[in-house]
Amino acid sequence: MLDAAEGEFSAHGFDGVTLRAIAKRADVDLALPNYYFGPKHQLFEAVLMRRAEIVNQWREDALAEAIELAKPNPPTVESIIRAYMEPMLTGPHVEDQGWKNYYALVAYVNNAPGWGGRLMAQHFDQLIRKFLDALRLALPGMNEKDLYWGYNCFSGALTLALAQTGRIDHLSGGVCHSDDLADACEHMVHFITGGFEAARRAAPAVQTQGTPRKRKIKNATA
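Right, let's walk through the structure included here. Nothing here was measured: the structure is a model prediction, and the numbers come from that model. (Residues numbered from 1 in each chain as written. Predicted model: local features only at pLDDT ≥ 70, side-chain atom pairs only at ≥ 80, totals over all residues. Heavy atoms only, no water.)

## A short note on the side chain of Thr193
No. 1: Among the structural elements, Thr193 can be located in helix H10 (residues 181–210).
No. 2: Among the polar contacts listed, one links the side chain of Thr193 to the backbone oxygen of Val189, at a separation of 2.7 Å.
No. 3: Not counting residues within four places of it along the chain, the set of residues in contact with Thr193 comprises Val77, Glu78, Ile81 and Met188. (Helix = DSSP H or I, 4+ residues; strand = E, 2+ residues; numbered from the N terminus. Polar contact = N/O pair within 3.5 Å; in protein donor to acceptor, adjacent residues only side chain to side chain. Contact = heavy atoms within 4.5 Å.)

This is the structure we're talking about:
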């Protein structure tokens, strides 16, 4: 039933799916989805949580390895970004239709105002804060606003890649393919790493630019 619900929700969104449609796809009695999972919103959350736990463990393990390998130095920005993205975007699982459905669902939730933000926070924020702490080690003194906006851009690029909409295929004339997540990963790692490092380098200049300069007043002569 979770597989059926995942497929329906990823294709039609929360509002476009009924428990009847899920039961039909799962080939089970109409009453069973509600019996095991409760109302539709609880089934939706169960679908999101099932693979979130797996993905989060993959990424937490990769981050711990990156930190350990860098000791006694802090991890590099690139190693942190790779720890976040590579477990999701590389490996045989990305060819599985169930994972394709789940990634499309994550992209949908991450772009849904209100309840989408709540679900993303509930299932992913604890891990994301560990990555932000690691970035603070790699980028000492980075402005907190730059850090969070940097992550916002990072998250947006990642979830667009997860959606695999095919738009980049048309835009690039076939040079790029949205279903090639490993290729997307490699390009995004370098781009996002550069973005964080550029924001860190620019921070002092921004602060200086925002500080009013004292004007020199020449003595006037009568």
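## Overview of helix H1 (residues 2–12)
No. 1: In terms of residue burial, H1 counts as a mostly covered element, since 8 of its 11 residues are buried.
No. 2: Taken together, the buried positions of H1 are Leu2, Ala4, Ala5, Glu6, Gly7, Glu8, Phe9 and Ser10.
No. 3: Of the surrounding elements, those touching the buried residues of H1 are helix H2 (19–26), helix H3 (32–37), helix H4 (40–70) and helix H6 (97–110).
No. 4: Just past H1, the residue Gly13 takes up positive phi, approximately 75°. (Buried < 20%, exposed > 50% of the residue type's maximum accessible area, 1.4 Å probe, protein only.)

## Quick word on unusual backbone geometry
No. 1: The residue after Lys71, namely Pro72, is reached through a cis peptide bond having omega 10°.
No. 2: Relative to the helices and strands, Pro72 is located in the loop between H4 and helix H5 (77–89).
No. 3: A positive phi angle, near 60°, is found at Asp27, a position not held by glycine.
No. 4: Relative to the helices and strands, Asp27 resides in the loop between H2 and H3.
No. 5: For Gln164, which is not glycine, the phi torsion reads 50° and is therefore positive.
No. 6: Along the chain, the position of Gln164 falls in the loop between helix H8 (144–163) and helix H9 (167–171).

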